[in-house]
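# Summary of the model geometry
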Number of protein chains: 2
Amino acid sequence: MRRLSTQDQNFKQVFSDLLAFETVNDPELLKTVDQIIADVRQHGDDHVLKLTQQFDRHPAHQFSDLELTQEQLKAAFDALNPEIREALELAAERIRSFHQVQKQEGWSYVDALGNTLGQKVTPLDRVGIYVPGGLASYPSSVLMNAIPAHVAGVPEIIMVVPAPNGELNPLVLAAAYLAGVSRIFTIGGAQAVAALAYGTQTIPAVDKITGPGNRFVAAAKRAVFGQVGIDMIAGPSEILVYAEGQNNAKWLAMDVLSQAEHDTVAQAIFITPDADLLEDVAQAIEEHLAALPKADIARTSIANRGALVLVKDRAEAVELINQVAPEHLELCLDDAEAMSQEVRHAGAIFMGRYTPEAIGDYCAGPNHVLPTSGTARFSSPLGVYDFQKRSSLIMCSEAGVKTLAKTADLLAQQENLDAHARSARYRYCPETNF
Amino acid sequence: MRRLSTQDQNFKQVFSDLLAFETVNDPELLKTVDQIIADVRQHGDDHVLKLTQQFDRHPAHQFSDLELTQEQLKAAFDALNPEIREALELAAERIRSFHQVQKQEGWSYVDALGNTLGQKVTPLDRVGIYVPGGLASYPSSVLMNAIPAHVAGVPEIIMVVPAPNGELNPLVLAAAYLAGVSRIFTIGGAQAVAALAYGTQTIPAVDKITGPGNRFVAAAKRAVFGQVGIDMIAGPSEILVYAEGQNNAKWLAMDVLSQAEHDTVAQAIFITPDADLLEDVAQAIEEHLAALPKADIARTSIANRGALVLVKDRAEAVELINQVAPEHLELCLDDAEAMSQEVRHAGAIFMGRYTPEAIGDYCAGPNHVLPTSGTARFSSPLGVYDFQKRSSLIMCSEAGVKTLAKTADLLAQQENLDAHARSARYRYCPETNF
C-alpha cells in the first residue's frame, strides 16, 4: 500500500492529487442523462419501463409489474429469520431515537415594537428515496433514508430500488416494511430520478430525492435539482483512520478495508505519527486481503486511492483531516474527544478503539448517508432537517409597523423601488395619495 | 389585469400554466456557462478580468482594480447621510437579532448501553456571497447574505457584485462595511461564480455560494454545486396576496405592484373570495401604474404572469396557496394567524393589514432571500443554518459496543460486506483470527 510522509518533498502535491475526484463532469454522461430525463418527461411510464427492461434486464411486461405491494413487503418481513429481524429492529429503533433529537420545532417572539416574528417548520409533502441495488442492495440504506423522513412527519415516502434481472434482496423489502415506506418501484438509474422529479402516469412527482447512487444517479440528481430538492451529490465512500498510542493493528487494518471493499474508487487513508504502527497496519492489510471475499475490489481501491501517511505529530494530522474533510473519520487514541474538537470538517467522527466505522453503517443511530469527496466542508449527514423546511412569519401591529415602514420606505427609495416604498408608506401615512 | 375564477371550466389548466417557469434549462445557456467555468478554471484572474471588461464594460486594466479595499468601504459608510445610516443600522440590527435565534448548537447523549452519540455543529470556513448589481444593486441583499454568515461564525466572507461601467451604488459598499464582509470583488455573472467555486490566483476558493442572480448566475451555481455548496437556484420574485373582509384596495394594489416592479417575469397574484374587492384592487392597480416610475416593467410582469383570482372561500384559497408555494405570501384578514396554520408551503408569511411585504425586504428581521418558483415545497429562507454544518459523533465503550457490534456483524454479512462484518466482530471477539 502506498506510503507517504509529510516530510516528503512533494507531499502536498501528491496528497492533493490523491484526493482529487470529480464524479459528474463527463460531458457524455451528462448528455445521456439529459436525454433520459427529457424522454421520461415526454413518455412517462413507457419510457421508464423500456429503460428498466434494457439496462436492468428486468422481466417486467408492463409498468405495473414494477410496483411492489405492501403485502409483498409484509411477507418479506414475516419470513425473516428471527435473529436477523431482531437485528433490523434494533437498528431501526436506534436510528429513530437518534434522529428524533434532530427534529426542529418552530418558534416566535414579540419584538420591542410589538411586532411578532417567527419561523414555522413543516415537513415535506412527499419524498423519493433512492436505494442502490440489485442483489447487493442494502437494507441499511432503506432505514437510513426512510426513518428520518418519517420522524420529520413526511406523509408519503416513495422508494425506488433497481432490481437487475428482477432480483431483489428480500431484506430490502423487509426493511421498507419496517421503515414504513408508502410505495416501492423496482427501478433505478437516471430514469428513476427523472420519474420521481417530474412524475409519470403511475409515479407521483416528489418534492425531494435523497439517497446515494452510481454516477448516472448523481448526474441525474444534479440535473433535476431546482425542480425538486436533493440531499447531496454522492461520491465514492471514504474513510480516514487516525491512530496513535496503544492500538491493535489488525483492527485498524480491517477498518481501513471496510471502506476499500465498497468500490474500486473508494478512498481509505490511514494516518499516524507512529512509523512502527504504520508498518504493522500495512502488513495486517496484506494478511486480511488474503482471506477477504471482496479482496479484488479492495486491492484496486487501495492501489488507486489509498495511502498510509506518516505525520510528525497530531497537529499535522488535524491539518490533513480538515483538508480531506472525510466522510468517515476514526480517531483511535486515548483522548479522542479532545482531538475531535479540533476537527472542523467530517461527516461522522468515530472516537476511541471500540468504535469501528461499520457500527455507524448499521446501528449506532446516526445516519450513514454522509457527505463525500470533501463536501463535509459545507454539508451535513442526511437528517430529519433534510425533510423539514422553514417559513418566516411576520406580523406587524398598527403601532409597531411605523418605525419599520419608515425605514423600509427610506431604503426602498435608495434602491429605486418605488412601489416597495409606497407600499410601506401607506402603513405609516394611511391617508397618503400617490 | 388577468381575472380568473376557480369556477372557470379550464381554471386548473390555466392556473397551472401561469405558474410554469423553468429558469436554467436552455441548452445554449448551459453551454455558454460551462465554457465560462472551464475557461475561468484554466486561466483564472485573466479570464475573469477579460469577461468583466467585455460583459460589464468595466474600465479595469488589471485584476487588482477589481478588488475594493476596506478603506473604500469605510469611506462609503462614513459618507452616508445620517438618516440613511440610521435606517441601514436599524435593518442590520434587526436582521442580526432574528438570525441569532436560528443559530444551532451541538448536542450529545449517552445511550442505555453506555455509548455516547451526538451532533457537532461548525461554521463553514469561507463563503462567497453574490449580490446582484450595478447602480441598481441592493444594499439590503448585502445585509441579508452577510449577516447570517457572520452570526454562524464564518471567519471569511467574500462578496462579489458586478459594477457595470465600473459604477456601483455607494450604499452597497456601506452595507458591506456594516455587515463585516472580508473582501469584495466587483465581478458578476457566471465568471464570478466560477472564480468563487474554484478560486483564481487572487480570489480564494470558497465552500459555499449564496445569493440570487440572473439566469447565468443561476445556471453557474447549479453547475458548480458539488464542488461547493449553494443555497438555492433563484428564480424571479413572486408575491401572492390573499385578502378578505375590510381592506384598503389601494394598499393591496401597491403590495401586488411591489413585486411586479422587480422584473418583467416576476409573478404577482391576488386572491380573494370578494368579487367587489377584486375589482377595486384591479382599478387601484391601474391608477397606481399611471404614477409609478417602473410602470413599464410592472405592466409587462402583470400581463405575462399576473392574475386576480376569485375563489369560493378560504379553503379554496389555501389549496391554491399550497399549490403555488409562494416566495412571499400576504394574508390580509382578521384571523391571519389561524389561516397561516393551514399554509404548508411559503417562503415568508406576512400576516394582517399592517405587514406589507416590503417591510420584510428591508428591516423586519427575517431574510429576504427566499425560495422561488414553488421551491418552498422543499426549501427554506436563507438562514444561519446555511452557513453551519453538522458532523455525527459516535463513541462506544468497550462494554457498550458488544450489542452494536454483534448487530452490525450480522447485518453486514447480509449485505455481503465481509470487511465490515469482521471489523465489527473484532470489537466483541477481540481474539478472533480471520
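The structure reproduced in this document is the subject of the present report. (Residues numbered from 1 in each chain as written. Chains lettered and ligands numbered in written order. Predicted model: local features only at pLDDT ≥ 70, side-chain atom pairs only at ≥ 80, totals over all residues. Heavy atoms only, no water.)

## Points about the relation of the copies chain B and chain A
After a rotation of 180 degrees and a shift along the axis of 0.0 Å, chain B superposes on chain A with an RMSD of 0.0 Å. Accordingly, the operation relating the two chain copies is best matched by a two-fold axis. Rotation axis and chain B: the residue whose C-alpha lies nearest the axis is Arg222 of chain B, separated from it by 3.8 Å. Looking at the interface residues of chain B, 99% of them are also at the interface in chain A, so both copies use one shared face. (Least-squares fit on C-alpha atoms with pLDDT ≥ 70 in both. Contact = heavy atoms within 4.5 Å.)

## Structural notes on the pairing of strand 6 (residues 156–160) of chain B
Residue and element names in this part refer to chain B. Counting buried positions along strand 6 yields 4 of 5 residues, so the element is predominantly enclosed. Direction of pairing for strand 6 relative to strand 7 (residues 183–185): parallel, over a ladder of 3 bridges. Note on strand 7: the bridge partner recorded for Ile158 is Arg183. Where the polypeptide runs from strand 6 across helix 7 (residues 170–179) and back to strand 7, its parallel neighbour, the crossover connection is right-handed. (Buried < 20%, exposed > 50% of the residue type's maximum accessible area, 1.4 Å probe, protein only. Helix = DSSP H or I, 4+ residues; strand = E, 2+ residues; numbered from the N terminus. Pairing = 2+ DSSP bridges. Right-handed = clockwise from strand over helix to strand, strands pointing away.)

## Describing the interface of chain B and chain A
Residue-level contacts link 127 residues of chain B with 126 residues of chain A. Where chain B abuts chain A, roughly 11200 Å² becomes buried across the two surfaces, and 60% of that area is made up of carbon and sulfur atoms. The interface formed by chain B and chain A contains 8 salt bridges. Between Arg377 of chain B and Asp207 of chain A there is a salt bridge, and its shortest N-O distance comes to 2.5 Å. Inspection of the region where chain B meets chain A yields 68 residue pairs in polar contact (both at pLDDT 80 or more). The element that contributes the greatest number of residues to the side of chain B that touches chain A is helix 16 (residues 401–414) of chain B, accounting for 10 residues. Taken together, the residues of the side of chain B that touches chain A sort by class into 64 nonpolar, 36 polar and 27 charged. (Buried area = accessible area lost by both parts, 1.4 Å probe. Salt bridge = Lys/Arg side-chain N within 4 Å of Asp/Glu carboxyl O. Polar contact = N/O pair within 3.5 Å; in protein donor to acceptor, adjacent residues only side chain to side chain. Nonpolar A, V, L, I, M, F, W, Y, C, P; charged D, E, K, R; others polar.)

## Brief notes about the pattern of salt bridges
Residue and element names in this part refer to chain B. Per the counting criterion, the structure on display carries 32 salt bridges over all chains. The partner of Lys74 in a salt bridge is Asp78, with the nearest N and O atoms 2.8 Å apart. With Lys74 and Asp78 both in helix 4 (residues 70–78) and 4 residues apart, this pair spans about one turn of that helix. On the accessibility criterion, Asp78 (43% relative accessible area) is partly exposed. Here Asp334 makes a salt bridge to Arg353, at a shortest N to O gap of 2.6 Å.

## Observations concerning a negative patch on the surface
All names here are of chain A. A surface patch of like charges, here negative, comprises Glu83, Glu86, Glu89 and Glu93. Inspection of the secondary structure assignment puts Glu89 in helix 5 (residues 82–100). Owing to a relative accessible area of 33%, Glu89 belongs among the partly exposed residues under this scheme. (Patch = residues over 30% accessible without salt bridge, like charges linked within 9 Å, V, L, I, M, F, W, Y side chains within 5 Å. Areas by Shrake-Rupley, 256 points an atom, 1.4 Å probe, with all protein chains shown as cover. Lys, Arg positive; Asp, Glu negative; His and termini not counted. Charge placed at Lys NZ, Arg CZ, Asp CG, Glu CD.)

## A few points about the packing of aromatic side chains
Scanning the model with the defined rule gives 17 aromatic pairs over all chains in all. Arranged with centres 5.2 Å apart and planes meeting at 20 degrees, the rings of Phe11 of chain A and Phe15 of chain A form a pair that is stacked. A residue pair is termed a helical-turn pair when its members lie 3 or 4 positions apart in one helix, as Phe11 of chain A and Phe15 of chain A do in helix 1 (residues 11–19) at 4 residues. The same class applies to Phe11 of chain A and to Phe15 of chain A, which are both buried. With a centroid separation of 5.2 Å and 40 degrees between ring planes, the pair formed by Phe77 of chain B and Tyr177 of chain B is classed as tilted. Of the two residues, Phe77 of chain B sits in helix 4 while Tyr177 of chain B sits in helix 7, which places them 100 residues apart along the sequence. (Phe/Tyr/Trp six-rings, centres within 6.5 Å; stacked < 30°, edge-to-face > 60°.)

## Considerations on the sheet that holds strand 13 (residues 328–332) of chain B
With mixed pairing, 9 strands are arranged side by side in an open sheet as 3(A)-4(A)-15(A)-14(B)-13(B)-10(B)-11(B)-12(B)-1(B). Two strands in the sheet have a free side with no partner beyond their single neighbour: strand 3 (107–110) of chain A together with strand 1 (3–5) of chain B. With strand direction ignored, the average angle separating the axes of adjacent strands in the sheet is 20 degrees. Where strand 10 (residues 238–243) of chain B lies against strand 11 (residues 267–272) of chain B, 5 bridges are found, and the strand directions are parallel. Note that in strand 11 of chain B the partner of Tyr242 of chain B across the bridge is Ile271 of chain B. Relative to strand 10 of chain B, helix 13 (residues 314–324) of chain B is tilted by about 170 degrees, and along the sheet it contacts strand 10, strand 11, strand 12 (307–310) and strand 13 of chain B. (Axes fitted to C-alpha atoms, helices over the stretch in contact; angles between N-to-C directions.)

## Some thoughts on helix 2 (residues 27–43) of chain B
Residue and element names in this part refer to chain B. Helix length check: helix 2, at 17 residues, gives a terminal C-alpha distance of 24 Å against a target of 24 Å (1.5 Å per residue), a fit within 8%. Residues of helix 2 that are buried include every one of Leu29, Val33, Ile36, Ile37, Asp39 and Val40, and no others. Angular distribution of buried residues about the axis of helix 2 spans 165 degrees; they occupy a single face of the element. Of the residues in helix 2, the exposed ones pointing more than 90 degrees away from the buried face are Pro27, Glu28, Lys31 and Gln42. (Expected span 1.5 Å × (residues − 1). Arc of directions from axis to C-beta.)

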